[in-house]
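# A closer look at the structure
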Amino acid sequence: DIQMTQSPSSLSASVGDRVTITCRASQTISIYLNWYQHKSGKAPRPLIYASSSLQSGVPSRFSGSGSGTEFTLTISSLQPDDFATYYCQQSFSPLPSFGPGTKVEIK
Amino acid sequence: EVQLVESGGGLVKPGGSLRLSCVASGRTVKDAWVSWVRQAPGKGLEWVGRIKSTSDGATTDYSVRVNTRFTISRDDSKNTFYLQMSRLQSEDTALYFCATEERWTYSGTYFDSWGQGALVAVSS
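Since the model is a prediction, treat every value here as computed from it, not as a measurement. (Residues numbered from 1 in each chain as written. Chains lettered and ligands numbered in written order. Predicted model: local features only at pLDDT ≥ 70, side-chain atom pairs only at ≥ 80, totals over all residues. Heavy atoms only, no water.)

Let us now look at the overall build of chain B. A count of helical and extended segments in chain B gives zero helices and eleven strands. Expected size for 124 residues packed as a compact globule is a radius of gyration near 14 Å; at 14 Å, chain B falls within 12% of this value. When the backbone C-alpha atoms are referred to their principal axes, chain B occupies close to 40 × 25 × 25 Å. Relative to its 124 residues, chain B shows a buried fraction of 49%. By element, 50% of the accessible surface of chain B is carried by carbon and sulfur atoms, the whole surface being about 5500 Å². Treating the 14 positive side-chain charges of chain B as one cloud and the 13 negative ones as another, the clouds have centres 6 Å apart. (Helix = DSSP H or I, 4+ residues; strand = E, 2+ residues; numbered from the N terminus. Rg over C-alpha atoms; globule rule 2.2 N^0.38 Å. Buried < 20%, exposed > 50% of the residue type's maximum accessible area, 1.4 Å probe, protein only. Areas by Shrake-Rupley, 256 points an atom, 1.4 Å probe, with all protein chains shown as cover. Lys, Arg positive; Asp, Glu negative; His and termini not counted. Charge placed at Lys NZ, Arg CZ, Asp CG, Glu CD.)

Written out as structure tokens, the structure reads:
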């Protein structure tokens, strides 16, 4: 099994802040890393796939980078709609796995 | 874009069985890989299993936690996917989502379209 970790587990930020979330894999996964935004009671929303490719319709303030075992999701200027939980997910293994999530809250 | 709607959730006793359905609309999904992902109360997202397209053999993969207890199937004529759950345990209590897997390479996928989820509660 490939284990995914994320840091921080939660953060408080203000509108307009730059936010960075880190995701690490227990073994190398090349660029097989995706990011999702999830708000309680709603369907998760794909943001980034293949480490850095922006999903259609996702604002350009979201960006992803990394390869191997370390990845980052950056929100360049946090907007009110961005307060949510963010998950990374690997698809390198035939059995996908998610990170534990990072909750982004309003400061 | 495809729309997905899950149904079939409910309360079931430990050791019992339940079948969830996921109906797709908006475009044909006969070539789609579809996964089930769950979220237990207060917990994060957990991948449960997938079924590949019929043209890819409709083969299935399951997480270690549900392997041998859960079975995923598909009926392309009805644009419907199923998650048959048996020998349910309290740890299976969760909101269950179905999601299509978009492939950017043959093996590189991400979960593209998601349903709103079906709630399964396992309790005596």
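For the rest of this paragraph, the subject is the sheet that holds strand 7 (residues 62-67) of chain A. All names here are of chain A. In spatial order, the strands read 1-3-8-7; together these four strands make up an open sheet with antiparallel pairing. Each end of this open sheet is capped by a strand with a single partner; those strands are strand 1 (4-7) and strand 7. Across the sheet, the mean angle separating the axes of adjacent strands is 20° when strand polarity is ignored. Bridging between strand 3 (residues 19-25) and strand 8 (residues 70-75) involves six bridges; their strand directions are antiparallel. When the bridges of strand 8 are listed, R24 appears paired with E70. (Pairing = 2+ DSSP bridges. Axes fitted to C-alpha atoms, helices over the stretch in contact; angles between N-to-C directions.)

Attention now goes to the sheet that holds strand 7 (residues 70-75) of chain B. Paired through backbone hydrogen bonds, the strands of a sheet run either parallel or antiparallel to each other. Residue and element names in this part refer to chain B. Spatially, 1-3-8-7 is the arrangement adopted by the four strands of the open sheet, whose pairing is antiparallel. Each end of this open sheet is capped by a strand with a single partner; those strands are strand 1 (3-7) and strand 7. Along the sheet, successive strands turn relative to each other by an average axial angle of 20°, direction set aside. In this structure, strand 7 lies alongside strand 8 (residues 80-85), joined through six bridges in antiparallel fashion. Residue pairing for strand 8: D75 is matched across the bridge by T80.

A few words now on the nonpolar core. If you look at the biggest cluster of nonpolar residues, it comprises 27 residues, and the most contacted ones within it are L20, W36, F70, L83, M85 and Y96 of chain B. Of all the elements in the fold, those that place two or more residues in this core are strand 3 (18-25), strand 4 (33-39), strand 5 (45-51), strand 7, strand 8, strand 9 (94-103) and strand 11 (118-122) of chain B. At four residues, strand 3 of chain B tops the list of elements feeding residues into this core. The residues contacting L83 of chain B, other than those within four sequence positions of it, are L18, R19, L20, W36, V48, F70, T71, I72 and Y96 of chain B. If you look at the next biggest cluster of nonpolar residues, it comprises 24 residues, including I2, L33, F71 and Y86 of chain A. (Core = buried A, V, L, I, M, F, W, Y, C linked by side-chain atoms within 4.5 Å. Contact = heavy atoms within 4.5 Å.)

A separate point is the state of the cysteines. Enumeration according to the criterion identifies two disulfides over all chains in this entry. The residue that forms a disulfide with C23 of chain A is C88 of chain A, at a sulfur-sulfur distance of 2.1 Å. In this structure, the disulfide formed by C23 of chain A and C88 of chain A twists by about 75° around the S-S bond and is classed as right-handed. With C23 of chain A in strand 3 and C88 of chain A in strand 9 (residues 85-90), this residue pair connects regions lying 65 residues apart in the sequence. With a relative accessible area of 0%, C23 of chain A lands in the buried category. Two residues, C22 of chain B and C98 of chain B, share a disulfide whose sulfurs are 2.0 Å apart. Between C22 of chain B and C98 of chain B, the S-S torsion sits near 75°, and that sign places the bridge as right-handed. Of this pair, C22 of chain B sits in strand 3 while C98 of chain B is found in strand 9, placing the two residues 76 residues apart along the sequence. (Disulfide = S-S within 2.5 Å.)

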